[in-house]
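# A closer look at the structure
Residue strings, one per chain:
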Amino acid sequence: MARITPKENYLRMSRGELPYYLPMYTMFGEEVHGECTFKTIRADLYPSDMFRDGGKDLWGIEYIASSEAGGATMPNTNKILLHDIADWRKVLKFPKMIEVSDWKDWADKQVAALNFDHNETALMGGCPGIGFFQALVGLMGFEGGLMALYTDPHEVKEMFGAMLEETILPAIDIIFDYFDIDLFGIGDDTCAKTTPFFSPEIYEDIFKPVYAACTRRAVERGIPVDFHNCGRIDEFLPFMVDFGVKYTNPVQETNDIPALVKQYKGRMVFCGGWDWDFHMPKNYPEFDEEEIRESVRHSIDTYGKEGNYVFCGGVVGAVGDETAMKINMIVQDEVYTYGHKIYGYTGE
């Protein structure tokens, strides 16, 4: 079997084709044994669009970083910006896009900064900002955002529509006009670990239309859509297929993954299947390397039979947790070495 690039091996799955070997989905484009499936270009089109150590996002929502969660950020729940959804027109401020004289030159420099070989590695264009549900609860608090969905869905729709027209869609146009992308990434965490936060009816009525507006240009161009949604997502999957989703991540083990890979074979690829809380050693930070490797092989054997599964998982430890970093290296190594064998790939 002749060698295939990580890029083509991954993209063939979006067409319902069997990969030569099982890819590994890495959230931040890390290389594994010198290979990388894709890099993500998150064009910083709005001054506050990207942050890592805390600060405000493009809607003015303040985020706080947590060292215990590896530096991940969460909204500051002590600062509610929008107390009544009916007041969103008074409260919500739309950021101004950066001014660029030569967009093509600017885009080329953005890609060059990623320092990768586009022949080997796919390029994903990332939708700007966080998801619509996450923006809603970031502005109103979790309880306030959920109540607004039930008590005043019309105003929620109006606010989402304004976010789209004023900020999101203009940025998406820049991505598609000036970047040579192979994938389009979008996301919204609408589910808890074991259940969605709201009903499929609300998803279809309020969220599906705005997601579809974001993915329209990708669908028109035949570019596969990657959708990030933590938690148990199975009730939302039929809608995701409708607006062009080909890859979804990180599919947690609270989903019935064996059933999903069979049900959606040829239509969707499931990236996930290894939740740290399911595999964390009882005596952590002590661990047995072979037990970690066996757990990785078990996930691959259990979920990879249908050919529409990609391994996505690892340890999110506190900043400076060297054990977490060691385990992640072991996980990545096992995915690479074992995953390259399961479909008979030799690379020759």
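Now for a description of the structure that goes with this document. (Residues numbered from 1 in each chain as written. Predicted model: local features only at pLDDT ≥ 70, side-chain atom pairs only at ≥ 80, totals over all residues. Heavy atoms only, no water.)

## Concerning the overall build of the chain
Along its length, the chain carries 12 helices and 10 strands. Against the compact-globule benchmark of 20 Å for 348 residues, the chain has a radius of gyration of 20 Å, which places it among compact chains. Taken over the C-alpha atoms alone, the chain extends approximately 60 × 50 × 40 Å along its principal axes. Considering the chain as a whole, with its 348 residues, one finds that 50% of them fall into the buried category. Excluding contacts between residues fewer than 6 apart, the proportion of contacts in the chain whose partners are at least 24 apart in sequence is 70%. Roughly 16,000 Å² of accessible area belongs to the chain as shown, and the carbon and sulfur atoms make up 50% of that amount. Averaging the locations of the 32 positively and 56 negatively charged side chains of the chain gives two centres separated by 3 Å. (Helix = DSSP H or I, 4+ residues; strand = E, 2+ residues; numbered from the N terminus. Rg over C-alpha atoms; globule rule 2.2 N^0.38 Å. Buried < 20%, exposed > 50% of the residue type's maximum accessible area, 1.4 Å probe, protein only. Contact = heavy atoms within 4.5 Å. Areas by Shrake-Rupley, 256 points an atom, 1.4 Å probe, with all protein chains shown as cover. Lys, Arg positive; Asp, Glu negative; His and termini not counted. Charge placed at Lys NZ, Arg CZ, Asp CG, Glu CD.)

## A word on helix H1 (residues 6–14)
Burial runs high along H1: 8 of the 9 residues are buried. Pro6, Lys7, Asn9, Tyr10, Leu11, Arg12, Met13 and Ser14 are the residues of H1 that are buried. Where H1 ends, the next residue or the one after it, Gly16, has phi of about 80 degrees, a positive value.

## Section: the pairing of strand E3 (residues 62–66)
Strand direction decides the pairing type here: strand E2 (residues 55–56) and E3, joined by 2 bridges, are antiparallel. Each residue of the ladder has a partner; that of Gly55, found in E3, is Tyr63. The hairpin turn running from E2 into E3, its antiparallel successor, is 5 residues long, and Gly60 in that turn takes a positive phi close to 90 degrees. Bridging between E3 and strand E4 (residues 72–75) involves 4 bridges; their strand directions are antiparallel. Considered in E4, the bridge of Ile64 is made with Met74. (Pairing = 2+ DSSP bridges.)

## Quick notes on the pattern of salt bridges
A complete count under the given rule lists 27 salt bridges for this structure. As a salt-bridge pair, Asp234 and Arg232 come within 2.5 Å of each other at their nearest N and O atoms. For Asp234, a relative accessible area of 29% corresponds to the partly exposed category. Since its relative accessible area comes to 18%, Arg232 is described here as buried. Its salt-bridge partner being Arg293, residue Glu334 comes within 2.6 Å of it at the nearest N-O pair. Pair noted here: Glu334 is in helix H12 (residues 322–339) and Arg293 is in helix H11 (residues 289–303), with a separation of 41 residues, a long-range link. (Salt bridge = Lys/Arg side-chain N within 4 Å of Asp/Glu carboxyl O.)

## Considerations on unusual backbone geometry
In this structure, the amide linkage connecting Asn249 to the following residue, Pro250, adopts the cis form with an omega of -15 degrees. On the secondary structure map, Pro250 appears in strand E8 (residues 245–251). One non-glycine residue, His33, adopts positive backbone phi at about 55 degrees. For His33, the location among the structural elements is in the loop between H1 and strand E1 (38–41). Classification of His33 as partly exposed rests on a relative accessible area of 46%. One non-glycine residue, Asn115, lies in positive phi territory at about 55 degrees. If you trace the backbone, Asn115 turns up in the loop between helix H3 (103–112) and strand E5 (122–126). Its relative accessible area of 68% is what places Asn115 among the exposed residues.

## Observations regarding the side chain of Thr323
Examined against the element boundaries, Thr323 turns out to sit in helix H12. Judged by relative accessible area, Thr323 falls into the buried class, the value being 16%. Apart from residues lying up to four places away in sequence, Thr323 is in contact with Tyr284, Pro285 and Phe287.

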